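Secondary and tertiary structure notes
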Amino acid sequence: MSNPLQLPPELEAALAGLTRTSRRGFLVGSGALAITLSLSAASGAKALAQAPVASAGPYPDPDFLQLDTWIVIHPDNTATFYVGKTDGGQGTGTAFRQMMCDELDIAYDKTRLVMGCTDITPDQGGSGGSTSVERDGRPMRRVAAEARRVLLELGGQHLATPVEMLAVANATIFVKSNPDRTVTYAELIGGKRFNIALTGSRVDLTTGKAAVKPVGDLRVVGRSHKRYDIPPKVDGSLRWAVDMKLPRMVHARNVRPPFAGATLQGIDETSVRDVPGFIRVISRGNYVAVICEREEQAIRAARQLKTQWQRPAAAPFPASSELFDYMRRATPTSTSEPLVEGDPDAAFKAAKHVIEAEFAVPFQGHSSIGPAHALADPSDGQMTIYTNDMKAYSHRTGVAKFLGMPREKVRVIYMDGPQVYGRTAADDAGFEAAFLAKELGRPVRMQWMRDEEAGWDTKGPAHVFKLRGALDEQGKPVALEYDACAADYNHLWYNEPDTVLIAQLMGLRPAQPAKGSTEAPTSMYAIANRRTTRRIVGLPLIWETPLRTGNLRDPNGPQVTFAFESFIDELAAAAKADPIQFRLDMLEQAKEDAVFRKSRSLAVVRAAAKAYGWDTRPSPNPRAAASRDKVLTGRGVAYTYRNNTIVAVIAEVEVNRETGRVWAKRLVCAHDCGLVINPECLHHTVECGMLHGLSRALWEEVQFDTEKVTSVNWASYPSLRHSDTPEAIDIVLVNGDPNPGRPDLAPYGAGECSHKPLIAAVANAVYDATGVRLRQAPFRSERVLAALRAQSI
Amino acid sequence: MSIVKLNVNGATHEVDVDPSTPLLYVLRNDLDLRGPRFGCGLGQCSVCTVIIGGAAVRSCITPVSSVHGEVTTLEGLSKNGRLHPLQEAWIEEQAAQCGYCQNGQIMTAKALLDRNPHPSDAEIREAMEGALCRCMTFYRVQAAIRRAAGGSKAPGEGK
């Protein structure tokens, strides 16, 4: 089949398979859909996968309560699964296929998966919060089980045999007592609709009548199927969002304000008229973009365009070197109600030993390796956006609102792209491409430049923490005060039509800035008397600022866990206790909860210690401190959980006392996320999550003066490199269910948890090696060296 | 604009572009190749890497008119339908996460193995230092390079 849209092979193959089926005849015969089929390959596929519905445009919402929306059986006895998720490279697409294959009883290699195309796949929200497998895998399993149930019923009729006497293997139903009597799924329904209604008040509650299989019966789940997306990624054949091209497509680049909060005074378009291929400058409010026929022309024109800007009356923010002082003094924009357990004041008063410490983490960026990009096609009064935005569905809704178009005339086609660990600038680039395409009436491809990505992407919020703890005479922790302050006022949510960068620059504002948030630490430690306070502060400029905050991989977890697990280590050191034993003692005293976090936490911490070969002793290592070696070695642990997933990481570090360089030589991770769908995918995700955390521990820091971000490339915003890579990484999957009464083990999210404890584990290891406590991340050589010198190490 | 002749992956192409155009945009937009990608435009990240005359070259800062000699891109590594040992090792080790940077990882590794078929771990780290990855796949990438170099050491066994 010709494919004018040049879609990626998986999607292309799925569409080709669909349109070859006899279902085409069924649907073309249904009237209005014949018109839709002629529009394009993708909208044709939508028509084939869905029941016809009346709609205000060519892209009605797929009906998640129709089995046909999720699963198509082809005449060649293969299947295509349609899910409303995206895969940022953690292998969730492979996991979805495995889960659905198991329930449908079809071989993995006989299936395909289509993700995140808003007019084809049911709205499961895209990705985020490590919920892909944990929450959104459930309806996938249930609808696949329902498809199997319906096929068995059809098979029973076909074979004139009661369903109880039938079994299925590899998409073929057979009579148990006479396995030669068979009928394939394709013979029963290949190329035809199921026409089965599902139930469920929300997409994640979608279900048919069938029950999913017990875990013990799963055969595809639990195996390390190779990711289907890797071969076309290593041979260059995959077409990514960044590769999309359309006839008459032009290239756009943004021209950003040179100072935060600047007001555009004028544009001298004559300054770029001589650029070959120049088409137009498009500007509204403080948003400016140039459009040229070719990409390098647009880059040149954006650099060459003369613009005049007026600085804001007041400095938009303090310089990064003053940030933490500013945050300490700032009046909070909001303060959470204190959480108090026991009587912390009395406990502190009566305590034998009280310590306190302050911790700080700067703004850190997504800083995607591939700057934000999108292609928008405005043809025929509709709008199609090709993007790697992990939340394709809110992207569609947001763009429709922003452009004042009916949702049914806007669709988003998710394609592979660079990392999406939360609210990235992919959101912003899609809106920009769509706006420019609508203005120009031609397909517009937008890509940000490196300085724009580093300067203007959303940031993880900076934090300052104060902790205070008390030990009794036996060195047991009896009281803990935790105070978190996050520079997170006006935290951006996803794809909001009044907060994406182009909307802000055009002067749009929501009724209220978002409050922002930070968190209490997550641990199961029993400490009887606690006070937890949290406050949010804002920088002077909250709109049109490059210091925009948004979700970045477990949005506040790495910062919070750094402070909390470092301080727990400080308490252990004050108690002269082994850091792991100190934690185990507190975990032993904890109350069990509904998901067995206590038992699972104990198992995880013990497993990490065992895998590492931990020798029980307090930190710092007395031998290291006494030595005059150039390189000191230490180990540090950090434990936490995210939702239902438990993690403990042990870092072994080398600290060079002459240069201040910290190298995490070995990382050990014990990880419990319940049922494992694909062990190898999980291993790799856990491993890369840790190394991403290590990058934030050692390198990442957004720097700025009082008017702009100055860390705008890989020299000024350094990130982890090959030379920083540990020599050894050991991962233990501690996945079991301590509840014998529970019939099934659920899978929990794994995309973020191992990322969370890394800064703390490294800081604790540096303390063990040197006796010097690092309380401000990142631990770049110069900061470490200064800390070592300050304590004459 | 002027006609520039390029030899890419064994085929000759003529493109009509400004001679100062970075090679990257010609490969991507005129020849529709997808291996090399835009990462920084500054020669800092390696995402745009191609091989010219045996050397790993950052195509984002290489004017197309300065290119002399055969250009090999990621697409040109496989021969007669058979993947290059590095590509096979990449699949075996499942080295990618998102994969956006993997062109730079693979092409930089190719240039390394071409001049040093059995690099030590230290040599791998040194040669790969400029190949950035924000999913942090370095550990598996190094394992894949060792595998392609003929060692089958499991991750972490190397020195």
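Conventions adopted
Residues numbered from 1 in each chain as written. Chains lettered and ligands numbered in written order. Predicted model: local features only at pLDDT ≥ 70, side-chain atom pairs only at ≥ 80, totals over all residues. Helix = DSSP H or I, 4+ residues; strand = E, 2+ residues; numbered from the N terminus. Rg over C-alpha atoms; globule rule 2.2 N^0.38 Å. Buried ≥ 20, exposed ≤ 12 C-beta atoms within 10 Å, placed from the backbone. Contact = placed C-beta atoms within 7 Å. Nonpolar A, V, L, I, M, F, W, Y, C, P; charged D, E, K, R; others polar. Pairing = 2+ DSSP bridges. Axes fitted to C-alpha atoms, helices over the stretch in contact; angles between N-to-C directions. Domains from an automatic or database assignment. Parallel < 35°, antiparallel > 145°, perpendicular 65-115°, else oblique. Left-handed = near helix turned anticlockwise from the far one by under 90°. Expected span 1.5 Å × (residues − 1).

**Things to note about the overall build of chain B**
Across its full length, chain B holds five helices and five strands. Along chain B, helices (α) and strands (β) appear in the sequence β-β-α-β-β-β-α-α-α-α when read from the amino end. Relative to a compact globule of 159 residues, whose C-alpha radius of gyration would be 15 Å, chain B shows 16 Å and is just as compact. Taken across its 159 residues, chain B has 57% of its residues classed as buried.

**A closer look at the interface of chain A and chain B**
Each partner contributes to the interface: chain A provides 51 residues, whereas chain B provides 51 residues. Elements represented by at least two residues in the side of chain A that touches chain B include exactly α9 (230–234), α10 (295–304), α21 (679–698) and β27 (728–733) of chain A. Grouping the constituent residues of the side of chain A that touches chain B by class yields 18 nonpolar, 18 polar and 15 charged.

**Some points on the sheet that holds strand β19 (residues 444–447) of chain A**
All names here are of chain A. Here seven strands make up an open sheet; going across it, the order is β9-β10-β7-β19-β16-β17-β18 and the pairing mixed. Edge positions in the sheet fall to β9 (278–284) and β18 (410–414), since each of these pairs with one other strand and no more. Between one strand axis and the next, the sheet turns through 20° on average, direction left out of account. Sheet topology places strand β7 (residues 250–255) next to strand β10 (residues 287–292); five bridges connect them, and they run antiparallel. Each bridged residue has a counterpart across the sheet, and for Ala-252 the counterpart in β10 is Ile-291. With respect to the sheet, helix α13 (residues 392–403) is in contact with β17 (383–387) and β18, its orientation differing from that of β18 by roughly 145°.

**Some thoughts on the domain arrangement of chain B**
Residues and elements named next belong to chain B. What the domain assignment reports for chain B is domain 1 (2–74) and domain 2 (85–148). Domain 1 and domain 2 are separated by 21 Å when their C-alpha centres are compared. Between domain 1 and domain 2, the contact holds 14 residues from the first and 14 residues from the second. With three residues, the single largest contributor to the side of domain 1 that touches domain 2 is strand β3 (residues 49–52). Of the residues assigned to the side of domain 1 that touches domain 2, the class counts are eight nonpolar, five polar and one charged.

**Focus: the packing of α13 of chain A against helix α14 (residues 426–440) of chain A**
Residue and element names in this part refer to chain A. One way to put it is that α13 packs onto α14 with a least axis distance of 10 Å and a crossing angle of 40°. Between α13 and α14, the angle is such that the two are oblique. At the point where α13 passes α14, the crossing takes the right-handed sense. Touching His-395, Gly-398, Val-399, Phe-402 and Leu-403 of α13 are Asp-427, Gly-430, Phe-431, Ala-434, Phe-435 and Lys-438, all from α14.

**Regarding the environment of Asp-457 of chain A**
Residue and element names in this part refer to chain A. Along the polypeptide, Asp-457 turns up in the loop between α15 (450–456) and β20 (459–460). Overall, the presence of 27 C-beta atoms within 10 Å leaves Asp-457 in the buried class. Taking the C-alpha atoms as reference points, Asp-457 and Ala-426, 31 residues apart in sequence, are found 8.9 Å from one another.

**Topic: α14 of chain A**
Residue and element names in this part refer to chain A. End to end, α14 covers 21 Å across 15 residues, agreeing with the expected 21 Å (1.5 Å per residue, within 8%). Among the 15 residues in α14, 12 count as buried, and that is most of the element. Here α14 has its buried residues at Ala-426, Asp-427, Asp-428, Ala-429, Gly-430, Phe-431, Glu-432, Ala-433, Ala-434, Phe-435, Leu-436 and Ala-437. Directly beyond the C-terminal end of α14, a positive phi value near 75° is found at Gly-441.

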